[in-house]
Amino acid sequence: MSDVEEAITRAHHDEWARVVAALTRRFGDLDIAEEAAAEAFATAVERWPANGVPPNPGAWLTTTASRKAIDRIRRENKRDDKHREAQMTYDDPPEPVGVIDDDRLRLIFICCHPALATEARVALTLRMVGGLTVPEIARAFLVQGTTMEQRITRAKAKIKAARIPYRMPSADDLPTRVSGVLAVLFLVFNEGYLASGPDTDPVRHDLTTEAIRLTRLIRALLPRDGEVAGLLALMLLTEARRTARISANGELVALDEQDRGAWDAELIAEGHRLVRERLAAAAAGVAPGRYQILAAINAVHTSARDIRDTDWSQVLALYDQLVRLDPSPIIALNRAIAVAELDGPEVALAIIDRLAEALAGYHAYHATRADLLRRLGRSQQSRAAYERAIELAGNTGETAYLTRRRDQLQ
Amino acid sequence: MRYLVSVIDDKSNPGSTDRRPAISAFNERLIAEGYWVFAGGLADTDAATVIDNRGEQAVFSDGPFVESKEYLAGVWVWEAPDLDVALKLATEASKVCDRKVEVRPFL
């Protein structure tokens with residue numbers, strides 16, 4: 001990649017959300033903001049190779065995008081709104097320092113507004129904040145480009161028609177609204193980490209990277225929020241194991257078989273730092289939320305140099321804490337895996353058999369059950385459970401792994 | 001910005017019938033805070049008549065335009081600066097009248 005290309009890519013990464021956010025604030029319209037931002041980047045691709053990269057790419061892009069937006073508004077003759085017209089007449093209004101970051105946060109809160117459907121929130125966040133193209137988002141979530149386009153268009157239309165405000169939620173609403181934002185980012189990350197679909201790569205690095213990048217952004221904007229730190233730590237500690245998690249032939253490698261030397265030490269160190277920060281807060285009496293506890297569990301796993309060194313009683317204690325917070329059957333299933341390590345597969349099997357009804361359609365339930373039955377030497381039942389898990393698993397790496405385990409049964 | 005807030009009741013699982021005093025108090029507050037435009041409860045859907053005069057002759061039919069377990073039991077019209085304000089009030093309204101509510105902006 002040439003220097004200019006690299007500068008454009010970097011500017012797209014760093015500045016896209018800023019440009020869209022600044023234009024949304026100025027023109028009060030997501031469509032105009034997005035289209036003008038896209039045009040500004042297209043202009044950069046055209047001009048920067050010949051004229052050189054401007055000293056402040058972000059400011060150049062915002063100014064260019066603002067001019068494009070004004071051109072567009074004039075062309076479309078949207079002169080009905082006096083306020084908008086007044087703003088149009090002047091060039092960039094002076095911006096108080098620090099307001100740009102707030103702009104991006106406000107943009108994220110619009111995209112993750114609870115009045116929008118979850119899929120729409122994910123799509124809109126990736127488009128408006130992440131700068132992913134519609135075909136990219138459609139590919140990631142295995143839907144047609146036109147379907148994704150409609151989803152985004154409909155969400156934008158609702159924002160306009162119902163007047164979803166472009167502002168920070170009030171202090172009362174902030175915790176619940178942030179948790180909605182984190183849920184969206186976690187969805188993006190998980191889709192990347194365990195990508196669904198028969199023809200997809202088992203891990204979508206582009207999506208995990210994007211989710212981490214956006215969570216870092218939220219962390220920079222809300223540095224005191226414990227769950228934001230928790231989610232970032234959870235993602236980093238999970239991402240650290242990414243390369244060890246898939247074998248050369250695309251098969252999922254279970255935690256106990258992973259080459260721990262291949263884990264990313266830098267990401268682990270950063271994740272551990274965040275977890276320690278949250279542990280200190282917990283010691284001071286701040287109750288941790290689910291992401292912080294999940295991050296702590298991952299910190300225990302990534303602290304062990306060998307699977308045999310894993311502090312399973314610590315893992316179980318954390319799961320006990322998590323169950324009190326979220327008594328869902330999926331948490332109970334994951335807790336049972338730690339129980340199996342401490343009290344043996346038979347005790348764990350008794351626990352997970354009670355979850356049979358709730359998790360009948362969940363691949364991980366059958367995969368866990370198959371493994372426990374295998375360890376108990378109940379091969380025939382284990383085989384049946386592997387078969388059910390294979391049927392339900394949507395990830396190519398996982399299907400390959402489960403198939404091999406099934407075929408190894410006597 | 002005006003919002004239509006529809007109160008949705010459920011024939012098989014209706015909300016409680018003792019909500020009038022609470023709704024009146026909530027309405028007083030809506031008026032005092034400047035959100036209130038209009039409100040009214042509706043008679044049972046049995047009392048509805050649908051008229052179709054798009055053809056040569058007007059056709060009257062008994063009952064609501066759509067038969068379903070859920071039906072419109074009443075409406076509010078509010079004046080609110082944006083959806084967040086309307087949603088906050090609607091969250092309270094649902095509790096006050098013990099029914100689901102739908103928030104929909106006017107054009």
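Nothing here was measured: the structure is a model prediction, and the numbers come from that model. (Residues numbered from 1 in each chain as written. Chains lettered and ligands numbered in written order. Predicted model: local features only at pLDDT ≥ 70, side-chain atom pairs only at ≥ 80, totals over all residues. Heavy atoms only, no water.)

1. Thoughts on the overall build of chain A
This is how it is decided: Each helix is a run of DSSP H or I of at least 4 residues and each strand a run of E of at least 2, with the numbering of both proceeding from the N terminus. Atoms counted for the radius of gyration: C-alpha only. Globule rule: 2.2 Å times residue count to the power 0.38. Each accessible area is a Shrake-Rupley estimate made with a 1.4 Å probe; only the visible protein chains count as cover when residues are assessed. Positive charges come from Lys and Arg, negative ones from Asp and Glu, while His and the chain ends are left out of the count. Charged side chains are reduced to one point each, which is NZ for Lys, CZ for Arg, CG for Asp and CD for Glu.
When you go through chain A residue by residue, the secondary structure sums to 20 helices and zero strands. Over its C-alpha atoms chain A spans a radius of gyration of 24 Å, differing by no more than 12% from the 22 Å that the globule rule assigns to 410 residues. Principal-axis analysis of the C-alpha atoms places the extent of chain A at approximately 75 × 45 × 40 Å. By element, 51% of the accessible surface of chain A is carried by carbon and sulfur atoms, the whole surface being about 19,600 Å². Mean positive and mean negative side-chain charge positions of chain A (54 and 58 charges, respectively) differ by 3 Å.

2. Focus on the domain arrangement of chain A
Accessible area lost when the parts come together is the quantity often used to give the size of an interface. We apply this condition: Segment limits for the domains were obtained from an automatic or database-derived domain assignment.
Each assigned domain of chain A is listed with its residue range as follows: domain 1 (3-75) and domain 2 (224-310). Between domain 1 of chain A and domain 2 of chain A, the C-alpha centre-to-centre distance is 37 Å.

3. Details of the interface of chain A and chain B
We count it as follows: We call two residues in contact when some of their heavy atoms are within 4.5 Å. Two parts placed together each lose some accessible area; with a 1.4 Å probe, that loss summed over both constitutes the buried area. Counted as salt bridges are all cases of a side-chain nitrogen of Lys or Arg within 4 Å of a carboxyl oxygen of Asp or Glu. Here a polar contact is recorded for every N or O atom pair within 3.5 Å, except that within protein the pair must consist of a potential hydrogen donor and a potential acceptor, and residues adjacent in sequence are included only if both atoms are side-chain atoms. Polar here means any residue other than Ala, Val, Leu, Ile, Met, Phe, Trp, Tyr, Cys and Pro, which are nonpolar, and Asp, Glu, Lys and Arg, which are charged; Gly is therefore polar.
If you look at the interface, chain A gives twelve residues, while chain B gives ten residues. Here chain A and chain B share an interface that buries about 820 Å² over both sides, 49% of which is from carbon and sulfur atoms. Summed over the three residues of chain A that lose the most area to chain B, namely Ala162, Arg163 and Arg167 of chain A, the buried surface amounts to 50% of that side. Run the count over chain A and chain B and you get three salt bridges. Between Asp82 of chain B and Arg167 of chain A there is a salt bridge, with its nearest N and O atoms 2.8 Å apart. Across the chain A-chain B interface, the total number found is six residue pairs in polar contact (both at pLDDT 80 or more). Partitioning the side of chain A that touches chain B into residue classes produces five nonpolar, two polar and five charged.

4. Topic: the pattern of salt bridges
For clarity, the cut-off: With a 1.4 Å probe rolled over the protein chains alone, any residue whose accessible area is under 20% of its type maximum counts as buried; one over 50% counts as exposed, and the rest are partly exposed.
Taken as a whole, this structure holds 39 salt bridges over all chains when the rule is applied. In this structure, Glu391 of chain A and Arg388 of chain A form a salt bridge, with 2.7 Å as the shortest nitrogen-oxygen distance. Taken together, the positions of Glu391 of chain A and Arg388 of chain A, both in helix 19 (residues 379-392) and three residues apart, correspond to about one turn of that helix. Since its relative accessible area comes to 59%, Glu391 of chain A is described here as exposed. Look at Arg388 of chain A and you get partly exposed, because its relative accessible area is 32%. The residue Asp9 of chain B makes a salt bridge to Arg99 of chain B at a minimum N-O spacing of 2.8 Å. Of this pair, Asp9 of chain B sits in strand 1 (residues 2-10) while Arg99 of chain B sits in the loop between helix 2 (83-97) and strand 6 (100-105), placing them 90 residues apart in sequence. The residues Asp9 of chain B and Arg99 of chain B share a single accessibility class, namely buried. Shared partners join several salt bridges into a network, and the residues in it are Asp31, Glu34, Arg127 and Lys156 of chain A.

5. Structural notes on the nonpolar core
Going by this rule: What is meant by a nonpolar core is a set of buried Ala, Val, Leu, Ile, Met, Phe, Trp, Tyr and Cys residues, joined one to another through side-chain atoms within 4.5 Å.
Residues Trp76 and Trp78 of chain B are the most contacted members of the largest nonpolar core, which totals 146 residues. Counting only domains with at least three residues in this core, you end up with domain 1 (3-75) and domain 2 (224-310) of chain A.

6. Things to note about the UniProt feature "domain: DUF6596" (unreviewed entry) in chain A
Here is the rule we go by: UniProt positions are given in the numbering used here, feature names are shortened, and annotations may be inferred rather than shown by experiment.
With numbering aligned to this structure, UniProt lists the feature "domain: DUF6596" (unreviewed entry) at residues 177-277 of chain A. The annotated region residues 177-277 of chain A carries 64% helix and 0% strand content, and the separation between its end C-alpha atoms amounts to 23 Å.

7. Considerations on unusual backbone geometry
With phi around 55°, Arg163 of chain A is a residue other than glycine that occupies positive phi space. In this fold, Arg163 of chain A is placed in the loop between helix 8 (145-161) and helix 9 (174-193). Residue Arg163 of chain A is classed as partly exposed on the basis of its relative accessible area of 40%. Positive phi is not limited to glycine here, since Asp98 of chain B has a value of about 55°.

8. What about the UniProt feature "domain: YCII-related" (unreviewed entry) in chain B?
UniProt's entry tags residues 1-100 of chain B with the feature "domain: YCII-related" (unreviewed entry), counted in the numbering of this structure. The distance separating the terminal C-alpha atoms of residues 1-100 of chain B is 22 Å; by composition the span is 28% helix and 34% strand.

9. A few points about the environment of Ala195 of chain A
With respect to the helices and strands, the residue Ala195 of chain A is situated in the loop between helix 9 and helix 10 (205-221). Beyond its immediate stretch of four places on either side in the chain, Ala195 of chain A contacts Asn190, Thr200, Asp201, Pro202, Arg204, Gly394 and Asn395 of chain A.

10. Observations regarding the environment of Thr43 of chain A
Residue and element names in this part refer to chain A. With respect to the secondary-structure elements, Thr43 resides in helix 2 (residues 30-51). Relative accessible area serves as the criterion here: at 6%, Thr43 is assigned to the buried category. Sequence separation of Thr43 and Ala65 is 22 residues, and the distance between their C-alpha atoms is 9.3 Å. In contact with Thr43, other than residues within four places in its own chain, are Trp60, Thr64 and Lys68. One polar contact links Thr43 to Lys68, side chain to side chain, over a distance of 3.4 Å.

11. Some thoughts on the packing of aromatic side chains
As a reminder, the rule being used: The pairing test for Phe, Tyr and Trp rings, Trp by its six-membered ring, is centres within 6.5 Å, and the orientation test on the planes gives stacked under 30 degrees, edge-to-face over 60, and tilted for anything in between. Placement of a positive charge over a ring is assigned whenever Lys NZ or Arg CZ falls within 6 Å of the ring centre and within 35 degrees of the normal to the ring plane.
Taken as a whole and assessed by the stated rule, the structure comprises seven aromatic pairs over all chains. With centroids separated by 5.7 Å and ring planes inclined at 10°, the aromatic side chains of Phe189 of chain A and Tyr193 of chain A adopt a geometry described as stacked. Placement of both Phe189 of chain A and Tyr193 of chain A in helix 9 is noted, with a separation of four residues, approximately one turn of the helix. The two residues Phe189 of chain A and Tyr193 of chain A agree in class, both being buried. A network of ring pairs unites the aromatic residues Phe26, Trp76 and Trp78 of chain B as a single cluster. Directly above the ring of Tyr166 of chain A sits Arg106 of chain A, whose terminal nitrogen or CZ lies 5.2 Å from the centroid.

12. Some remarks on the packing of helix 14 (residues 290-303) of chain A against helix 15 (residues 312-325) of chain A
Residues and elements named next belong to chain A. Short version of the rule: In this analysis, axes come from line fits to C-alpha atoms, helices being fitted only over the stretch in contact, and the angle between any two N-to-C directions falls in the range 0 to 180 degrees. Convention used here: angles under 35 degrees read as roughly parallel, angles over 145 as roughly antiparallel, angles from 65 to 115 as roughly perpendicular, and any remaining angle as oblique.
Their axes nearest at 10 Å, the elements helix 14 and helix 15 cross at an angle of 170°. The orientation of helix 14 with respect to helix 15, classified from their angle, is roughly antiparallel. Contact with helix 14, carried on its side by Arg290, Ile293, Leu294, Ala296, Ile297, Val300 and His301, involves Trp312, Gln314, Val315, Leu318, Tyr319, Gln321, Leu322 and Leu325 of helix 15 and no other residues of that element. Its residues placed into classes, the contact of helix 14 with helix 15 shows eleven nonpolar, three polar and one charged.

13. A few points about helix 14 of chain A
Residues and elements named next belong to chain A. Worth spelling out the cut-off: By this rule, a helix spans an expected 1.5 Å times one less than how many residues it contains.
Helix length check: helix 14, at 14 residues, gives a terminal C-alpha distance of 20 Å against a target of 20 Å (1.5 Å per residue), a fit within 8%. Burial of helix 14 is extensive: twelve of the 14 residues sit out of reach of the surface. Check the buried side of helix 14 and you find it contacts helix 9, helix 11 (226-239), helix 13 (265-283) and helix 15.

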